[in-house]
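# Examination of the molecular architecture
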Amino acid sequence: MTGIEYDDFLDLEYEPAETDLVCAFRIDPAADMTMDEAASRVASESSNGTWAALHVDEDELTDLGAVACEIDGDAVTVAYPDALFEPGSMPQILSCIAGNIMGMKAVDTIRLEDCHWPESIVSGFPGPQFGPSVAHEKLDAGDRPVLATVPKPKVGLSTDAHVRVGEEAWRGGVDLLKDDENLTDQDFNPFEDRLADSLAARDRVEDDVGERKDYLVNVTGETNEMLERVDLVAEHGGGFVMVDVITCGWSAVQSVRDRAEKHDLAIHAHRAMHAAFDRLPHHGVSMRVLAQISRLCGVDHIHTGTAGLGKLENEDTPGINEWLTAELYGLEPVLPVASGGLHPGVVDQLLEALGTDIIVQAGGGIHGHPDGTHAGAKALRQSVEASMADVSLEAYADDHEELATALEKWGAE
Ligand SMILES: O=C(O)[C@@](O)(COP(=O)(O)O)[C@H](O)[C@H](O)COP(=O)(O)O
Ligand SMILES: [Mg+2]
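What you see is a predicted model; the values in this text were computed from it and never measured. (Residues numbered from 1 in each chain as written. Chains lettered and ligands numbered in written order. Predicted model: local features only at pLDDT ≥ 70, side-chain atom pairs only at ≥ 80, totals over all residues. Heavy atoms only, no water.)

## Some thoughts on the pattern of salt bridges
Applying the stated criterion across every chain, the model contains 25 salt bridges. Asp175 is paired through a salt bridge with Arg144; the nearest N and O atoms lie 2.7 Å apart. Taken together, the residues span a long stretch of sequence, with Asp175 in the loop between helix H5 (159-172) and strand E8 (176-178) and Arg144 in the loop between helix H4 (134-137) and strand E7 (146-149) at a distance of 31 residues. Close ionic contact of Arg164 with Glu168 constitutes a salt bridge, the shortest N to O distance being 4.0 Å. Of this pair, Arg164 and Glu168 both sit in helix H5, 4 residues apart, which is roughly one turn of that helix. Judged by relative accessible area, Arg164 falls into the partly exposed class, the value being 48%. Through salt bridges with shared partners, a single network forms among Arg26, Asp74, Arg111, Glu113 and Glu315. (Salt bridge = Lys/Arg side-chain N within 4 Å of Asp/Glu carboxyl O. Helix = DSSP H or I, 4+ residues; strand = E, 2+ residues; numbered from the N terminus. Buried < 20%, exposed > 50% of the residue type's maximum accessible area, 1.4 Å probe, protein only.)

Below you can see the structure in the form of structure tokens.
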């Protein structure tokens, strides 16, 4: 017989094995707990332990206990044996490392900050199909950032209005039309009509301007419905689908990834609701970990923020982007998306901070242009041209009136 109790899950001498999933937590123990006690409880409850001491016949037990192996201030490292996890199941992994422990009385707050994923776990996931290669495999962006726009107002436009705005933006130089996170299949703009008419407009624009364009159509919905929408996108000749990955959940994302591969579709991940997990600095799950999960599950693009230049709070965008594009046992990288309050006046600073291997999305920053969507799209494209040519926006605006008007309206910050 062997006993299993909380103390068994703390060993500060333990060196993680190469096959361990190693998680970095930030923990604030409850008033009546030492950090050692809290750490052992986190390792226990997130692997195979519980509050009562257990007595089990060794012959009947696979030892799957995690180990709290390092404590440095409020930073606690926990190593999990990979046998604890079902290969290729992200919900099962999260039910361990971000499950009940988030609600334990033993800690006042707990945040999953980072994970080191071993090859044995990474190899169970498909990763992205395309990642940054969409820029030249599906579009003609070459070395410049891919440009995207969301028609605004985000919902309420009729299908005709949506398509008209998309066509104006594509003709102005945008590569990708994108649905907003809350536009799916509502009566005022039904999914299939929007899909078919937008792709027809895309084809017209491509013929006229000789540059490939595409549409990030939002397929978010009930999983089976979502898979049918993915098939519809392929039927109508689309090259991309968009999914609200947090609100859909990782199981659904994994199902979409599987279906998208059958049709060679790239997946754009919107992260609506991410801030419910990552906004508080001491509790929840960091955007860094959400981005890691997204790469393993196989999205090709994901929103990661604007390096502080936009309207939304963001966490360490450069660090997250670096992880999304770093070598990871042969997994494809992910193309980061900068979006939220962007306009032509900040593009130079944005590319300075994040580089050019990104998608730049501007909704209000295009459709709010005084001269309308087409001029707004041209202004954004011009700001990218200026930045790529290392010319100041102001100087470039001298003979590019759309950019000049945008700078007049929004300035350079
Ligand atoms: O609805 C919006 O706000 C946006 O369409 C941006 O519109 P604007 O371009 O008009 O600001 C995006 O959903 C956010 O950028 C998402 O945030 P994040 O990229 O941080 O996930
Ligand atoms: Mg949006």
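## Some points on the packing of aromatic side chains
A full pass over the atoms with the stated rule returns 1 aromatic pair. For the pair Tyr80 and Phe85, a centre-to-centre distance of 6.1 Å together with 55 degrees between the ring planes defines the contact as tilted. On the basis of relative accessible area, Phe85 is assigned to the buried category, the value being 7%. When the ring centre of Phe130 is taken as reference, the NZ or CZ atom of Lys138 above it lies at 4.7 Å. (Phe/Tyr/Trp six-rings, centres within 6.5 Å; stacked < 30°, edge-to-face > 60°. Lys NZ or Arg CZ within 6 Å of the ring centre and 35° of its normal.)

## A word on the pairing of strand E9 (residues 214-218)
In terms of burial, E9 is a largely internal element, 5 of the 5 residues being buried. What you see with E9 is no split at all: Asp214, Leu216 and Asn218 on one side and Tyr215 and Val217 on the other are buried throughout. In terms of handedness, the path from E8 via helix H6 (residues 191-209) over to E9 forms a crossover that is right-handed. Two elements, E9 and strand E10 (residues 240-244), share 2 bridges in a ladder whose sense is parallel. When the bridges of E10 are listed, Val217 appears paired with Val241. Handedness of the crossover joining E9 and E10 through helix H7 (residues 223-235) is recorded here as right-handed. (Right-handed = clockwise from strand over helix to strand, strands pointing away. Pairing = 2+ DSSP bridges.)

## Some words on the confidence of the model for the protein chain
Summary statistics for the protein chain give a mean pLDDT of 97 and a share of 100% for residues scoring 70 or more. Here the complex is predicted with pTM 0.97, and the ipTM for its interfaces comes to 0.99. (pLDDT = per-residue confidence, 0-100.)

## Quick word on the domain arrangement of the protein chain
Parsing the protein chain into structural domains produces domain 1 (8-123) and domain 2 (133-410). Measuring from the centre of the C-alpha atoms in domain 1 to the corresponding centre in domain 2 gives 36 Å. Summing the contributions of domain 1 and of domain 2, the shared interface buries around 1,800 Å²; its carbon and sulfur component is 60%. For the interface between domain 1 and domain 2, the tally reads 2 salt bridges. A salt bridge links Arg288 to Asp114; the nearest nitrogen and oxygen atoms lie 3.1 Å apart. Here domain 1 is connected to domain 2 by 17 residue pairs in polar contact (both at pLDDT 80 or more). Mapped onto the side of domain 1 that touches domain 2, the elements with two or more residues apiece are helix H2 (90-97), strand E6 (107-116) and helix H3 (119-122). For the side of domain 1 that touches domain 2, the element with the most residues is E6, which contributes 7 residues. (Domains from an automatic or database assignment. Buried area = accessible area lost by both parts, 1.4 Å probe. Polar contact = N/O pair within 3.5 Å; in protein donor to acceptor, adjacent residues only side chain to side chain.)

## Here's the deal with the site of ligand 1
In the vicinity of ligand 1, 17 residues are found, and the nearest of them are Lys154, Arg271, Lys311, Ser339 and Gly341. Taking Ser339, its side chain carries an N or O atom lying 2.7 Å from an oxygen atom of ligand 1. Protein coverage of the free-state accessible area of ligand 1, which is 480 Å², stands at 92%. The cavity that encloses ligand 1 is the largest pocket. The residue inventory of the shell around ligand 1, partitioned by class, reads 2 nonpolar, 9 polar and 6 charged. (Near = heavy atom within 4 Å. Areas by Shrake-Rupley, 256 points an atom, 1.4 Å probe, with all protein chains shown as cover. 1 Å grid on protein atoms, 1.4 Å probe; cavity = no way out; pocket = protein on both sides within 12 Å on 5 of 7 lines; lining within 4 Å. Sits in = over half its atoms within 2 Å of the grid points. Nonpolar A, V, L, I, M, F, W, Y, C, P; charged D, E, K, R; others polar.)

## Points about the coordination of the magnesium ion (ligand 2)
In the first shell of the magnesium ion (ligand 2), the protein supplies Asp180 (OD) and Glu181 (OE), at 1.9 to 2.1 Å from the metal. On the accessibility criterion, Asp180 (3% relative accessible area) is buried. (Donors = N, O, S within 2.8 Å, 3.2 Å for Na, K, Ca; no water.)

## Structural notes on the UniProt feature "modified residue: N6-carboxylysine" (unreviewed entry) in the protein chain
UniProt feature "modified residue: N6-carboxylysine" (unreviewed entry): in the numbering of this structure it lies at Lys178. Inspection of the secondary structure puts Lys178 in strand E8. We classify Lys178 as buried; its relative accessible area is 2%. (UniProt positions renumbered as here; feature names shortened; annotations may be inferred.)

## Brief notes about the packing of H5 against helix H15 (residues 373-388)
Between H5 and H15, whose axes approach to 7 Å, the crossing angle comes to 35 degrees. Our pair here, H5 against H15, has a crossing hand that is right-handed. In contact with Val165, Glu168, Ala169, Arg171 and Gly172 of H5, H15 contributes Thr373, His374, Ala377, Lys378 and Arg381. (Axes fitted to C-alpha atoms, helices over the stretch in contact; angles between N-to-C directions. Left-handed = near helix turned anticlockwise from the far one by under 90°. Contact = heavy atoms within 4.5 Å.)

## Overview of the layout of surface pockets
What the largest pocket holds in volume is close to 630 Å³. Around the largest pocket, the lining comprises 34 residues; the ones closest to its centre are Arg271, His274, Leu312, Ser339 and Gly340. The set of elements that each furnish at least two residues to the lining of the largest pocket consists of helix H10 (274-278), strand E14 (335-339) and helix H14 (364-367). The biggest single contributor to the lining of the largest pocket is H10, with 3 residues. Each pocket or cavity is described by its volume, and for the second largest pocket that value is around 160 Å³. (Points joined across faces, edges and corners; volume = space filled by probe spheres on them.)

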